[in-house]
Amino acid sequence: MSTPFPLVSGVRPGIELEERPGAADGIRSRNRQARTDAIASAALHAFLKDGLESVTIEAIVRLAGTAKGSFYRYFVDKQQLVECLVEPVREAFQRHTERCRDDLAAAEATADVYAAYQNLALNLAAIFVEHRAVVTLYLQEARGPAVGARMALHDLACEIDARAIELTNAAIDHGLIKPLDARVSGLSVVGAAEALLYRATTGMDLGPPHVVAAALIQLVLDGVRVR
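Residues numbered from 1 in each chain as written. Predicted model: local features only at pLDDT ≥ 70, side-chain atom pairs only at ≥ 80, totals over all residues. Heavy atoms only, no water.

Caption draft 1: Layout of helix α4 (residues 78–106). Compared with an ideal rise of 1.5 Å per residue, which puts 29 residues at 42 Å, α4 spans 42 Å between its outermost C-alpha atoms and is within 8% of the ideal. A bend of about 40° at Val 86 is the largest found in α4, and the proline Pro 88 appears one to four places after it. In this structure Asp 77 caps α4, since a side-chain oxygen of it lies 3.3 Å from the backbone nitrogen of Gln 79. (Helix = DSSP H or I, 4+ residues; strand = E, 2+ residues; numbered from the N terminus. Expected span 1.5 Å × (residues − 1). Bend = angle between axes of the 7 residues up to and from the residue. Polar contact = N/O pair within 3.5 Å; in protein donor to acceptor, adjacent residues only side chain to side chain.)

So this is what it looks like as structure tokens:
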């Protein structure tokens, strides 16, 4: 199956593997990682093409060129596989939003708010570049029914919403932006960012991701900053 996205690598298996002979970075370990990545990559490509609900484990292992038993050696089920795909994105998102929260707490002027949000935008753009296929899957599936394999994506969407509101409230509490309802302004930014990302993943040329992200932040802050 052809795809514009690269293979994923370094995916952590959902099942803790038993210790095996040999060095941690030896050939046995590399082979196990290669099999895990092959399954994860095949699944991600199938999810993007056909949607989470319609893709079966049988289809994943067939695309990966491995036995069905190999799937269950590394993952309990399809839901856990999606969780493992999403985890690097979730960890990076948490790390960068926590840094932004700290920067906003230390902010003393509107320029500091610009810097905090622009740094966050650049870091989130880097996540998109590094994990574009997983971000695309999130954009396609996260707002659907929160059931089964979609749960990890739904949970990430809820976390993104909550962090956006938290960061907006932090700026409001410091008197750095207008005291609008943080749920409205914060979630409006999330909606705009996701709309831009989706268009970028579906072929619209919006320019370099870091430039788009910085432009969005400037557009928003120009509207809500305290004059």
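Caption draft 2: Structural context of the side chain of Glu 194. Summarising the element assignment, Glu 194 is placed in helix α8 (residues 182–201). Using a relative accessible area of 16% as the deciding quantity, one classes Glu 194 as buried. A polar side-chain atom of Glu 194 sits 2.7 Å from a polar atom in the side chain of Tyr 138. Setting aside its immediate chain neighbours within four residues, Glu 194 contacts Tyr 138, Leu 139 and Arg 143. (Buried < 20%, exposed > 50% of the residue type's maximum accessible area, 1.4 Å probe, protein only. Contact = heavy atoms within 4.5 Å.)

Caption draft 3: Structural detail: the side chain of Arg 150. Mapping Arg 150 onto the fold places it in the loop between α6 (132–141) and α7 (151–173). We classify Arg 150 as buried; its relative accessible area is 8%. Setting aside its immediate chain neighbours within four residues, Arg 150 contacts Leu 52, Glu 53, Glu 141, Gly 144 and Pro 145.

Caption draft 4: Summary view of the packing of aromatic side chains. One pass over the structure, following the stated rule, counts two aromatic pairs. Residues Phe 71 and Tyr 72 carry aromatic rings whose centres are separated by 5.3 Å and whose planes lie at 75° to one another, so their mutual orientation is edge-to-face. Ring centres of Phe 71 and Phe 75 lie 5.7 Å apart, and the angle between their planes is 45°; on these two criteria the pair is classed as tilted. An identical accessibility class is assigned to Phe 71 and Phe 75; each is buried. (Phe/Tyr/Trp six-rings, centres within 6.5 Å; stacked < 30°, edge-to-face > 60°.)

Caption draft 5: Layout of the confidence of the model for the chain. The predicted model of the chain has a mean per-residue pLDDT of 86, with 91% of residues at 70 or higher. Note on residues 1–5: pLDDT under 50 across the span, and ten contacts to partners over four residues away in sequence or across chains. (pLDDT = per-residue confidence, 0-100.)

Caption draft 6: Seen up close, the environment of Phe 75. Looking at the element boundaries, Phe 75 is found in the loop between α3 (68–74) and α4. Taking the C-alpha atoms as reference points, Phe 75 and Leu 196, 121 residues apart in sequence, are found 33 Å from one another. If sequence neighbours within four positions are ignored, Phe 75 has contacts with Arg 12, Pro 13, Gly 14, Ile 15, Thr 36, Ile 39, Gln 80, Leu 81 and Cys 84.

Caption draft 7: Geometry of helix α1 (residues 27–50). If you check α1, its first and last C-alpha atoms are 34 Å apart, about what 24 residues at 1.5 Å a residue would give, namely 34 Å. The positive-phi residue at the C-terminal boundary of α1 is Gly 51, with phi of around 90°.

Caption draft 8: The environment of Ile 172, seen in detail. Examined against the element boundaries, Ile 172 turns out to sit in helix α7. Ile 172 sits in the buried class, given a relative accessible area of 16%. A C-alpha to C-alpha distance of 8.2 Å links Ile 172 and Ala 182, two positions ten residues apart in sequence.

Caption draft 9: Broad picture of the environment of Ala 171. One can find Ala 171 in helix α7. For Ala 171, a relative accessible area of 0% translates into the label buried. With 45 residues separating them in the primary sequence, Ala 171 and Ala 126 have C-alpha atoms 23 Å apart. Not counting residues within four places of it along the chain, the set of residues in contact with Ala 171 comprises Tyr 117, Leu 176 and Ile 177.

Caption draft 10: Broad picture of the pattern of salt bridges. Counting across every chain of the model gives 14 salt bridges. A salt bridge links Arg 163 to Glu 98, with the shortest nitrogen-to-oxygen separation between them at 3.5 Å. With Arg 163 in helix α7 and Glu 98 in helix α4, this pair connects stretches of sequence that are 65 residues apart. We classify Arg 163 as buried; its relative accessible area is 14%. Judged by relative accessible area, which is 31%, Glu 98 ranks as partly exposed. With a closest N to O distance of 3.4 Å, Arg 143 and Asp 161 form a salt bridge. With Arg 143 in the loop between α6 and α7 and Asp 161 in helix α7, the pair connects residues that are 18 residues apart, well separated along the chain. Residue class for Asp 161 comes out buried when judged on its relative accessible area of 18%. One network of salt bridges, with partners in common, ties together Glu 98, Arg 101, Glu 159, Arg 163 and Glu 166. (Salt bridge = Lys/Arg side-chain N within 4 Å of Asp/Glu carboxyl O.)

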